[in-house]
Amino acid sequence: MKPALQRLLSDYGMIFVLLLLCVFFSTVTLTEQTPTGETAVHQVASDLVRAPGKGGQVLIAARSQAEDTVFARALEQELTAAGLQVTVAIGEPRDAREVLQKLAATNKPLDAIAGNQVTAAWLVFSDIPTDFPALGHPRIVKPRTYRWPNFLKSENLLNIANQIAVIAIIAIGMTMVIITAGIDLSVGSLIALSAVLAARFIRDYAGATHASTTGMTIACLAAILLCGLVGAFSGGMITLFRIPPFIVTLAMMLVGSGLAYLLAQGQSIYQIPDSFVWLGRGADFLHIPNAVLLMLVLYGLAHVVMSRMRLGRYLYAVGGNREAARLSGVPVRRVLLFAYAASGLLAGLGGVIMASQLKSGSPTYGNMYELYIIAAVVVGGTSLSGGEGRMLGTLVGAFTIAVIQNGMNLTNVESYTHKVVLGLVILVAVLLDTLRHRRWRRGEAAD
Amino acid sequence: MAASQNFLHALVGSMSQGAAGNPTVAVIEAAFAHHDLHWRYINMEVTPADLSDAVRGAKAMGFRGFNCSLPHKVNVIAHLDGLGESAGIMGAVNCVVRRGDQLIGENTDGKGFLKSLVSVIDPRGKSVVLFGAGGAARAIAVELGLAGVKKITVVNRGEERGRELVELLRTKLKLEAELVVWNGDYAVPAGTDVVINGTSIGLYDGEARLAIDVHSLHSGMVVADVIFNPPRTRLLRDAEARGCIPVDGLGDAREPGHRGWSKFWDRASPSGRRGHAGGLGKRSRFMTEAAPPLLEMRGIVKSFPGVRALRGVDLTLHSGEVLALLGENGAGKSTLMKILGGAFCADAGSIAISGREMRFQAPHDSRAAGVAIIYQEFNLVPGLTACENIFLGQERTRAGFIERQHERQRAAELFRRLGVQIDLDAPCRRLTTAQQQLVEIAKALAFDARIIVMDEPSAALTSHEVERLFEIIRDLRRQGIAVIYISHRLDEIFTIADRVTVLRDGANVGERPIGELTRQQMIELMVGRELKDEFPKRSVAVGPSRLKVTGLQRGRAVRDVSFEVRRGEILALTGLIGAGRTEVVRLIFGADRREAGDIQLDGQTLAIRTPRDAIAAGIGLLTEDRKLQGLILGHSIRENFGLPNLDWLAADGFVNLRGEREEFARYVETLRIKVPHQEQHARNLSGGNQQKVVLAKWLARDCEVLIFDEPTRGIDVGAKYEIYLLMNELAAQGKAIIMISSEMPEVLGMADRILVMHDGRITGEIADVAHATQEQMMQLAVA
């Protein structure tokens, strides 16, 4: 195998697993799809413009619910613009019959009837030749159905991305920490802490539901910075007192969670302006959710840091062999401090995004998230023993987890089973990684 | 070779009359030469009247043993200190061996034969028919009796000889024995398991027929013939045709000393199998005594990539003996002991305990065989109590519950046996080093270890504690436990050891009783190698002082160390492992915090607190352990190279990848680092290439002071030379170079000046390296 391909496989082997999963879920969710909205309008309109075309007589049948009326009005507008004569029947088949009677009274033949899957199937239309001979034999036009996987619908894909954004963003920091051969268990609690802090700042200092954008921004930045400080504190304990990261961050996990409950007094804080959801639910650019955009930008930056910058090299070096790194002049303590601070900051950001998505801050947020985040990192091929791993691998790992969850939702697997499957997938991913390593080591000295 | 410096041979030989006609000597001397043994075999003509004086003389002259031929086989007994089992029963001795200061008579005439017999059948409870009642038959009968056969039927033409043998077997061995006077074809009775020809019928005449009814031989019977020439006698061919299992006489021939046969050895000796085998038999008998030794390691070979750690090492250990295992650092002692302890698997060679071949795959295998290894770093769990540690892994449980009371009693008993008082309930971390060592010894005794290996047991003990340890070792010796004692402290070895085995470069170079060695000889044996042209010559004018350290101090490891390194000078820092050499340079490099001391470069005092400071000041350190400290094995060599150089290979935090690649490519070329590409992981390189990558790291920084800690450890000869050349070149550029090395030839070959350390202090300086000797250095190092 060529070294380049080999490296790609070894760095991003998980990407193939992700693609396989996508193919799998696409296959099993392949279903009959009906166009809706504008697509449906355009399709039906262009069909009718072709025949009967200009001057033709068309009846549009729609039920009285919003979706149908919007469709009917849009179609009417388009067809009228194209010079067709349009009559709209809204309501029950009974209402359609009345309209038909009126049309029959004019004694002009009806060229076509447009409707959706439901209205086009009304019996009243198929009975026209017998009931209303005056109307002739109108063609019944409805949006054409097609087969497409539910999984691959763009809304679903964006939904996956949006759901995983928080986990993926925090996983950036976690990847750095794990690459230094550490671990950060506190991130889940920091999500809650950050969400509660941001919500409280907005409620108490920025004017609650009338808060300005500036006020909200400052509140969020403050929450994120405080979480960064918590991370830096963990890093300090780890480097200065050489307490194992597992213990320090476990402690901070409890402290963070407790603080979140204290600050929120055990309640959700929802006195937040509606505009706050911009970050979590908005989609200003090409329909891509803002959180997903932010995630992509952060991954780009993190990838550059890890692969191009001295800092990234130092992170790998510290995790690969702390002593060798120190003896090569790497400022080991500063590097570790950075990793934990970054992890805290990103957890804070994740908390703010979550608060924005849910338009409230609650101490229950982020429960167990640290484990999903670690899973994303590990599934992405980063070794828990440190020194190796790729930032983009983590992104792939996060998406793998998201795709599995989403796929199980789409295929109606009950939620209890999700955890079982997810657990097994993580195990298999790590197993593959271990086997890959063993193959390396076999060539190595036995001393 | 040490042999060329030692003109004293170990002596063995033979006492007989008509000695001039006995060619044994030629065979054995050839075998000694072949095995490179510093031994002599001397053929001695002794009359019966002089026998007493001859034996006393042999004892006085330190003979390791001698063969006894006619007419002394019986008479010699009166002049010996004791008899082995078979010799005692037979009332005849064919060889005398020295055990301690006693001469013990043994009779091995039947042993070799028995050995080949045992390889096909377990003699216990078997019925045997034996033809003949002469010397050979007699010896075989006694060995068979000792091996536990049920019944021996002696078939002999002469009634008197036969009856004598049967009587001997009945009275001395309490065996079922009967005599059948042999006339006409003898029919082997049904129920016989083994048929043995102990007569000389068939010797040299392959067709000579034994008077035996061939049809009475049945398939499955073992038929043996002591005749070894030709090996396929008519008896054996007939027996094989009848479906019997044949055993030829070659096994017997490997055990020399039978006068009737030994005179034929000359025919076979030049290249034949017997002659050579005979030599081997002789050697092992005198060196290991007749009974199988407690431990016998033979031809142990162990290779690590790039290094052949052991190249066929032999080690023999008897019960109740303290064997000192000596050798320079890296001679292979630890590897050998790890093989004995099951931590490593030997590539080749055998380990036998009490004559039984063992296969140690894992530490518990060797433990089950009664081997306990007390490593320098104790194997104790610090948080568990002394008692819990003793029984760790061998807990006595009932229904899963530990029988604590029982364990406490056992532990108390063990400590009593060792004559020490240790709180059973104290966690081991609270015990002193000496106490922890005793817990280790108790742990060994708890599983009835018969062999205890102590690796540098005295290294961390005070002199008083060492005394105490010796008393305990002597106690163990009295209890029949054998101890392998590894130490660099020669004085201790003279105090405690009975015998010394010296390793050098993974091979045996000497095995002597302690009384035969002087301290000087010991050092010679350990060092022993001649300096060839391993080191490139160099002539650099040594300039003014560059690096100067004063009063370096850290705990007990480094005590008030001061020295200076001059421009263009290679200063060697030597001494034994643990003397504090590495610790000194780690202080200079800022890897450890120094308690006191001053470091100056070119007259400027350096404020070094971390390696980063030292690197910034222009100091580079090639660490002792490349894999643990020098390289990040899982990263590419390019990244390893770049690590200390990112300050100038990166701008605004961004690594200049192209610059890094080009810079490294230059070093790959000039240092001739053999790698397929720069992305190769460091772990996949050979030791030499790994060292070159580390060297490149520091060369790229253009350090003013370069410290090489064991720069050539585990590196092949070619790469060594290249590294020496580089060191010379750096010195020529005016750098100050410190080299730590345990390899004394390397120190002598490379250094301009040598500092020897011992116990954290500098104990000597050798400025005139050209006339220094390894002995001189060793003397300072073990001071």
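Conventions adopted
- Residues numbered from 1 in each chain as written.
- Chains lettered and ligands numbered in written order.
- Predicted model: local features only at pLDDT ≥ 70, side-chain atom pairs only at ≥ 80, totals over all residues.
- Heavy atoms only, no water.
- Helix = DSSP H or I, 4+ residues; strand = E, 2+ residues; numbered from the N terminus.
- Rg over C-alpha atoms; globule rule 2.2 N^0.38 Å.
- Buried < 20%, exposed > 50% of the residue type's maximum accessible area, 1.4 Å probe, protein only.
- Contact = heavy atoms within 4.5 Å.
- Areas by Shrake-Rupley, 256 points an atom, 1.4 Å probe, with all protein chains shown as cover.
- UniProt positions renumbered as here; feature names shortened; annotations may be inferred.
- Buried area = accessible area lost by both parts, 1.4 Å probe.
- Salt bridge = Lys/Arg side-chain N within 4 Å of Asp/Glu carboxyl O.
- Polar contact = N/O pair within 3.5 Å; in protein donor to acceptor, adjacent residues only side chain to side chain.
- Nonpolar A, V, L, I, M, F, W, Y, C, P; charged D, E, K, R; others polar.
- Core = buried A, V, L, I, M, F, W, Y, C linked by side-chain atoms within 4.5 Å.
- Pairing = 2+ DSSP bridges.
- Axes fitted to C-alpha atoms, helices over the stretch in contact; angles between N-to-C directions.
- Patch = residues over 30% accessible without salt bridge, like charges linked within 9 Å, V, L, I, M, F, W, Y side chains within 5 Å.
- Expected span 1.5 Å × (residues − 1).
- Arc of directions from axis to C-beta.
- pLDDT = per-residue confidence, 0-100.
- Disulfide = S-S within 2.5 Å.
- Domains from an automatic or database assignment.
- Phe/Tyr/Trp six-rings, centres within 6.5 Å; stacked < 30°, edge-to-face > 60°.
- Lys NZ or Arg CZ within 6 Å of the ring centre and 35° of its normal.

Quick word on the overall build of chain A
Part 1 of the argument: Across its full length, chain A holds 18 helices and 6 strands.
Part 2 of the argument: Taking 22 Å as the expected radius of gyration for a compact globule of 447 residues, we find that chain A reaches 29 Å, considerably beyond that expectation.
Part 3 of the argument: Principal-axis analysis of the C-alpha atoms places the extent of chain A at approximately 95 × 60 × 40 Å.
Part 4 of the argument: Burial statistics for chain A: of 447 residues in total, 50% are counted as buried.
Part 5 of the argument: The contacts in chain A between residues at least 6 apart in sequence include a share of 80% that link residues at least 24 apart.
Part 6 of the argument: About 20900 Å² of surface is accessible on chain A, with carbon and sulfur atoms providing 63% of the total.

Let's talk about the UniProt feature "transmembrane region" (unreviewed entry) in chain A
Residue and element names in this part refer to chain A.
Part 1 of the argument: In the numbering used here, UniProt assigns the "transmembrane region" (unreviewed entry) feature to residues 12–30, 157–179, 214–240, 246–264, 285–306, 335–356, 368–386 and 416–435.
Part 2 of the argument: With 100% helix and 0% strand, the stretch residues 157–179 has end C-alpha atoms that lie 30 Å from each other.
Part 3 of the argument: This span, residues 335–356, is 100% helix and 0% strand, and a straight line between its end C-alpha atoms measures 32 Å.

Concerning the interface of chain A and chain B
Part 1 of the argument: Each partner contributes to the interface: chain A provides 29 residues, whereas chain B provides 36 residues.
Part 2 of the argument: Of the roughly 2700 Å² buried at the junction of chain A and chain B (both faces included), carbon and sulfur atoms supply 57%.
Part 3 of the argument: On the chain A side of the interface with chain B, the three residues burying the most area are Arg310(A), Arg313(A) and Leu327(A), jointly 27% of the side's total.
Part 4 of the argument: The tally of links from chain A across to chain B stands at 2 salt bridges.
Part 5 of the argument: The closest approach of N and O atoms between Arg586(B) and Glu323(A), which form a salt bridge, is 3.3 Å.
Part 6 of the argument: The tally of links between chain A and chain B comes to 10 residue pairs in polar contact (both at pLDDT 80 or more).
Part 7 of the argument: Those elements giving two or more residues to the side of chain A that touches chain B turn out to be helix 12 (290–308), helix 13 (310–320), helix 14 (322–327) and helix 18 (415–442) of chain A.
Part 8 of the argument: Among the elements that take part in the side of chain A that touches chain B, helix 13 of chain A stands out by supplying 6 residues, more than any other.
Part 9 of the argument: Counted by class, the side of chain A that touches chain B contains 13 nonpolar, 6 polar and 10 charged residues.

Some details on the nonpolar core
Part 1 of the argument: In this structure, Ile441(B), Ile452(B), Phe563(B), Ile588(B) and Ile754(B) are the most contacted members of the largest nonpolar core, which totals 248 residues.
Part 2 of the argument: Counting residues per element, this core draws most heavily on helix 7 (residues 154–179) of chain A, which supplies 16 residues.
Part 3 of the argument: Among the nonpolar cores identified, the runner-up in size contains 32 residues, and Leu114(B), Ile140(B), Leu165(B) and Ala177(B) belong to it.

Looking at the sheet that holds strand 3 (residues 85–90) of chain A
All names here are of chain A.
Part 1 of the argument: What the 4 strands build is an open sheet, ordered 3-2-4-5; its pairing is parallel. Looking at the sheet topology across the chains shown, the edges are occupied by strand 3 and strand 5 (139–141). Averaged over all pairs of adjacent strands, the angle between their axes in this sheet comes to 20 degrees, without regard to strand direction.
Part 2 of the argument: As defined by bridge partners, strand 4 (residues 112–114) adjoins strand 5 across 3 bridges and the pair is classed as parallel. Note on strand 5: the bridge partner recorded for Ala-114 is Val-141.
Part 3 of the argument: Of the strands in this sheet, strand 2 (57–62) and strand 3 are in contact with helix 4 (residues 93–106), which crosses strand 3 at around 150 degrees.

Digging into the pairing of strand 25 (residues 545–554) of chain B
Every other side chain in a regular strand lies on the same face of the sheet, so the side chains alternate between the two faces.
Residue and element names in this part refer to chain B.
Part 1 of the argument: The pairing of strand 25 with strand 26 (residues 558–566) spans 6 bridges and is classified as antiparallel. Directly across from Lys-548, in strand 26, lies its bridge partner Glu-564.
Part 2 of the argument: Here 5 bridges tie strand 25 to strand 28 (residues 596–601), and the two strands are oriented antiparallel to one another. The residue bridging Val-549 from the neighbouring strand is Ile-599, located in strand 28.

Section: the pairing of strand 13 (residues 295–304) of chain B
Residue and element names in this part refer to chain B.
Part 1 of the argument: With 7 of 10 residues buried, strand 13 lies mostly within the body of the structure.
Part 2 of the argument: Pairing between strand 13 and strand 16 (residues 348–353): 5 bridges, direction antiparallel. Counterpart to Val-301 in the pairing with strand 16 is Ala-348.

Some details on the sheet that holds strand 3 (residues 65–68) of chain B
Residues and elements named next belong to chain B.
Part 1 of the argument: Taken together, the 6 strands give an open sheet; going across it, the order is 2-1-3-5-6-4, and neighbouring strands pair in mixed fashion. Both edges of this open sheet fall to strand 2 (39–45) and strand 4 (82–83), since each of them pairs with a single strand only.
Part 2 of the argument: With 4 bridges connecting them, strand 1 (residues 10–16) and strand 3 associate as parallel partners. Its bridge partner lying in strand 3, Ser-14 is registered against Asn-67.
Part 3 of the argument: Each of strand 1 and strand 2 is contacted by helix 1 (residues 24–34), which is oriented at about 170 degrees to strand 2, the strand it contacts most.
Part 4 of the argument: With respect to the sheet, helix 2 (residues 51–60) is in contact with strand 1, strand 3, strand 5 (95–99) and strand 6 (102–106), its orientation differing from that of strand 1 by roughly 170 degrees.

Notes on the side chain of Asp47(A)
All names here are of chain A.
Part 1 of the argument: Considering the arrangement of structural elements, one finds Asp-47 in helix 2 (residues 37–50).
Part 2 of the argument: A residue is classified by how much of its surface remains accessible, and Asp-47, at 15% relative accessible area, is buried.
Part 3 of the argument: Contact partners of Asp-47, with chain neighbours within four places excluded, come to Arg-139, Val-141 and Arg-144.

Examining a nonpolar patch on the surface
Part 1 of the argument: Where nonpolar side chains cluster on the molecular surface, the patch consists of Tyr146(A), Trp148(A), Leu152(A) and Leu157(A) and spans about 350 Å² of accessible area.
Part 2 of the argument: Of the residues examined, Leu152(A) reaches a relative accessible area of 31% and is grouped as partly exposed.

Remarks on helix 10 (residues 245–264) of chain A
Residues and elements named next belong to chain A.
Part 1 of the argument: In this model, helix 10 (20 residues) spans 28 Å end to end at C-alpha, consistent with the 28 Å of a helix rising 1.5 Å per residue.
Part 2 of the argument: Those residues of helix 10 that sit buried are Pro-245, Val-248, Thr-249, Met-252, Gly-256, Ala-260 and Ala-264. Down the axis, helix 10 shows its buried residues gathered within 105 degrees of arc, on one side only. Counted as exposed and oriented over 90 degrees from the buried face of helix 10: Leu-254 and Leu-262.
Part 3 of the argument: Lining the buried residues of helix 10 we find helix 8 (187–205), helix 9 (213–241) and helix 15 (332–358).
Part 4 of the argument: Where helix 10 terminates, the next one or two residues include Gln-265, which has phi positive at roughly 50 degrees.

Side note on the confidence of the model for chain B
The predicted coordinates ought not to be read in detail in places where the model reports low pLDDT.
Part 1 of the argument: Predicted confidence across chain B gives a mean pLDDT of 82, with 91% of residues reaching 70 or more.
Part 2 of the argument: Low pLDDT, under 50, characterises residues 252–290 of chain B; the stretch is placed with 93 contacts to residues that sit more than four places away or in other chains.

Section: the state of the cysteines
All names here are of chain B.
Part 1 of the argument: Overall, the coordinates contain 0 disulfides over all chains when judged by the stated rule.
Part 2 of the argument: Of all cysteine sulfurs, the one in Cys-428 lies closest to Cys-387, which takes part in no disulfide; the gap is 10 Å.
Part 3 of the argument: Classification of Cys-387 by relative accessible area gives buried; the value is 6%.

Some details on the domain arrangement of chain B
Part 1 of the argument: The domain architecture assigned to chain B consists of domain 1 (2–107 + 276–288), domain 2 (111–254), domain 3 (295–527), domain 4 (530–618 + 703–783) and domain 5 (634–702).
Part 2 of the argument: With centres defined by C-alpha atoms, the gap from domain 1 of chain B to domain 3 of chain B works out at 33 Å.

Notes on the packing of aromatic side chains
All names here are of chain B.
Part 1 of the argument: A full pass over the atoms with the stated rule returns 11 aromatic pairs over all chains.
Part 2 of the argument: The interplanar angle of 40 degrees and the centroid separation of 4.8 Å between the aromatic rings of Phe-131 and Trp-182 together place this pair among those described as tilted. Linking Phe-131 in strand 7 (residues 127–131) with Trp-182 in the loop between strand 9 (176–181) and strand 10 (194–197), this pair joins segments that are 51 residues apart in sequence.
Part 3 of the argument: On the basis of relative accessibility, which here comes to 0%, the residue Phe-131 falls in the buried class.
Part 4 of the argument: Between the NZ or CZ atom of Arg-157 and the centre of the ring of Trp-182, over which it lies, the distance is 4.4 Å.

Examining unusual backbone geometry
Trans is the prevailing form of peptide bonds, just as negative phi is the prevailing case for residues other than glycine.
Part 1 of the argument: At Arg242(A), a position not held by glycine, the phi torsion is positive, near 55 degrees.
Part 2 of the argument: Inspection of the secondary structure puts Arg242(A) in the loop between helix 9 and helix 10.

Focus on the confidence of the model for chain A
Residue and element names in this part refer to chain A.
Part 1 of the argument: On average, residues of chain A score 88 in pLDDT, and 94% of them reach the 70 mark or higher.
Part 2 of the argument: Within chain A, the element-level pLDDT minimum falls on helix 18, averaging 76, and the maximum on helix 15, averaging 96.
Part 3 of the argument: Counted against residues more than four places away or in other chains, residues 441–447, with its pLDDT under 50, gives 7 contacts.

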